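# Remarks on the overall topology
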Amino acid sequence: MNAPLKKSEAAVTLLSRVSTAKVLTLAPKRPPLGGRILAHVSAIAAHVIPPLIVIALTLIVWELLCNRPGATLPPPSRVLKETWELIVDPFFDRGGIDKGLFWHLSASLQRVAFGYALAASVGVALGTLVGQSTWAMRGLDPIFQVLRTVPPLAWLPLSLAAFRDGQPSAIFVIFITAIWPVIINTAVGIRNIPQDYRNVAAVLRLNHFEFFYKIMVPAAAPYIFTGLRIGIGLSWLAIVAAEMLIGGVGIGFFIWDAWNSSHISEIILALIYVGIIGFVLDRIVALAATIVTRGTAAN
């Protein structure tokens, strides 16, 4: 009787060892370092190479079209030649408005930062009020819908009459341009907060301030950042247009002054910088949205 039992126990032990060995052999192996580096390089190349190809093709087509007799715009080779000093030395300052592109862009960014910060703070507050209160929505929403359709530059004469100075007038134009998408998206986000969240807040007896920063803001954050991304783009558009009219140091005035001086290559260079900075500003807000909302905001 004992011999068959011992044989059975030995068989079970052997079977368990075989099963363990099979499991161990089926475990995934970590790829070698070279393979991981190659995978990272391939991922980066998949994002970098397509836009580089498109840019190269665009430059080639631009060069061919603008090198023909009778072309009114300069080709890329001529733009590079005529603006080389501005590219390699963007920090020069000869006094007055004769400054490098760094100073013009810096002045524009400072105006945008101030006006956009005001629009973001006031817009979130008003959007929260409109989204949370039915009476506020009925009273304020029609006014907001009418005012947001007014073109940004239409506010400039009124702001110049009120402030008597170009700097606050430009900041006001940025503020009045960027605030509407922030208000509307924040209000939509607040109205879409699930009722379960409100029930939890009622059970926990949260006060208004706790409900605001613990429930409302996290739940509506994806909507809020959507409005902020739209607002930063509109701010950058508005400041370039406003600076063409108010004068002084700024990238908008630089473009207008280059036009008056018939320096088309400088206008093209400035537009390239404007586009790049606008893209960077949008990416900064998108990165902040991804961090705050943990990836739930749309990119």
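Further up the page is the structure itself.
Heads up: these notes are all about the structure in this document. (Residues numbered from 1 in each chain as written. Predicted model: local features only at pLDDT ≥ 70, side-chain atom pairs only at ≥ 80, totals over all residues. Heavy atoms only, no water.)

Here the focus is the overall build of the chain. Regarding its fold elements, the chain presents twelve helices and zero strands. Its helices and strands in sequence order give the chain the pattern α-α-α-α-α-α-α-α-α-α-α-α, from N to C terminus. Out of the 299 residues in the chain, the part that is buried amounts to 33%. Intrachain contacts of the chain at a sequence separation of at least 6 include 66% that bridge at least 24 residues. Of the roughly 18700 Å² of accessible surface on the chain, 70% is carried by carbon and sulfur atoms. (Helix = DSSP H or I, 4+ residues; strand = E, 2+ residues; numbered from the N terminus. Buried < 20%, exposed > 50% of the residue type's maximum accessible area, 1.4 Å probe, protein only. Contact = heavy atoms within 4.5 Å. Areas by Shrake-Rupley, 256 points an atom, 1.4 Å probe, with all protein chains shown as cover.)

Within the secondary structure layout, E243 lies in helix 10 (residues 208–246). Overall, E243 belongs to the buried group, its relative accessible area being 0%. Within the local environment of E243, its side chain forms a polar contact with the backbone nitrogen of I251, the two atoms lying 3.1 Å apart. With residues near it in sequence (within four places) discarded, E243 still touches S108, R111, V249, G250, I251, G252 and F253. (Polar contact = N/O pair within 3.5 Å; in protein donor to acceptor, adjacent residues only side chain to side chain.)

Our next topic: the packing of aromatic side chains. This model, assessed by the stated rule, comprises five aromatic pairs. Ring geometry for F102 against W103: centres 4.9 Å apart, planes inclined by 80 degrees, an arrangement best described as edge-to-face. Looking at W103, the relative accessible area reads 35%, which means it is partly exposed. Within the aromatic cluster, the residues linked to one another by ring pairs are F91, F102 and W103. Above the plane of the ring of W135 lies R138, whose end atom (NZ or CZ) is 5.7 Å from the centre. (Phe/Tyr/Trp six-rings, centres within 6.5 Å; stacked < 30°, edge-to-face > 60°. Lys NZ or Arg CZ within 6 Å of the ring centre and 35° of its normal.)

The next point concerns a nonpolar patch on the surface. A cluster of nonpolar side chains, namely I44, V48, L52, I55 and L59, defines an oily patch on the protein surface of about 450 Å² accessible area. Along the chain, I44 turns up in helix 2 (residues 33–66). Looking at I44, the relative accessible area reads 56%, which means it is exposed. (Patch = residues over 30% accessible without salt bridge, like charges linked within 9 Å, V, L, I, M, F, W, Y side chains within 5 Å. Salt bridge = Lys/Arg side-chain N within 4 Å of Asp/Glu carboxyl O.)

Two elements in contact, helix 5 (residues 101–132) and helix 6 (residues 134–147), have axes whose closest approach is 6 Å; the angle formed by their N-to-C orientations is 125 degrees. By the angle between their directions, the pair helix 5 and helix 6 is classed as oblique. The segment helix 5 lies against helix 6, with L126, L129, V130 and Q132 engaging T134, A136, M137, L140 and F144. Tallied by class, residues from the contact of helix 5 with helix 6 come to seven nonpolar, two polar and no charged. (Axes fitted to C-alpha atoms, helices over the stretch in contact; angles between N-to-C directions. Parallel < 35°, antiparallel > 145°, perpendicular 65-115°, else oblique. Nonpolar A, V, L, I, M, F, W, Y, C, P; charged D, E, K, R; others polar.)

The next subject is the pattern of salt bridges. Pairing is possible between side chains of opposite charge, provided their charged atoms come close. The full count for this structure, using the stated rule, is seven salt bridges. A salt bridge links E85 to R94; the shortest N-O distance between them is 3.0 Å. The partly exposed category is assigned to E85, whose relative accessible area is 46%. For E243, the salt bridge identified is with R111, shortest N-O distance 2.5 Å. Highlighted residues: E243 in helix 10 and R111 in helix 5, separated in sequence by 132 residues. A relative accessible area of 8% means that R111 is categorised as buried.

On to the packing of helix 7 (residues 156–163) against helix 8 (residues 166–191). Here helix 7 crosses helix 8 at 140 degrees, and the two axes come no closer than 9 Å. As far as their axial angle goes, helix 8 and helix 7 are oblique. Helix 8 is crossed by helix 7, and the crossing has right-handed handedness. Where helix 7 abuts helix 8, its residues L156, S159, L160 and F163 lie against G166, P168, S169, F172 and V173. The residue makeup of the contact of helix 7 with helix 8, split by class, is six nonpolar, three polar and no charged. (Left-handed = near helix turned anticlockwise from the far one by under 90°.)

L228, W236, I239 and I251 are the most contacted members of the largest nonpolar core, which has 49 residues in total. At twelve residues, helix 10 tops the list of elements feeding residues into this core. The contacts of W236, once residues within four sequence positions are left out, are L105, S108, L109, V112, I251, V274, I277, G278 and L281. (Core = buried A, V, L, I, M, F, W, Y, C linked by side-chain atoms within 4.5 Å.)

Turning our eyes to something else, we now look at helix 6. A rise of 1.5 Å per residue sets the reference length of helix 6, with its 14 residues, at 20 Å; its end C-alpha atoms lie 20 Å apart and thus fit the reference within 8%. Along helix 6, the sharpest change in direction is near 35 degrees and occurs at L140; proline P142 comes one to four residues later. (Expected span 1.5 Å × (residues − 1). Bend = angle between axes of the 7 residues up to and from the residue.)

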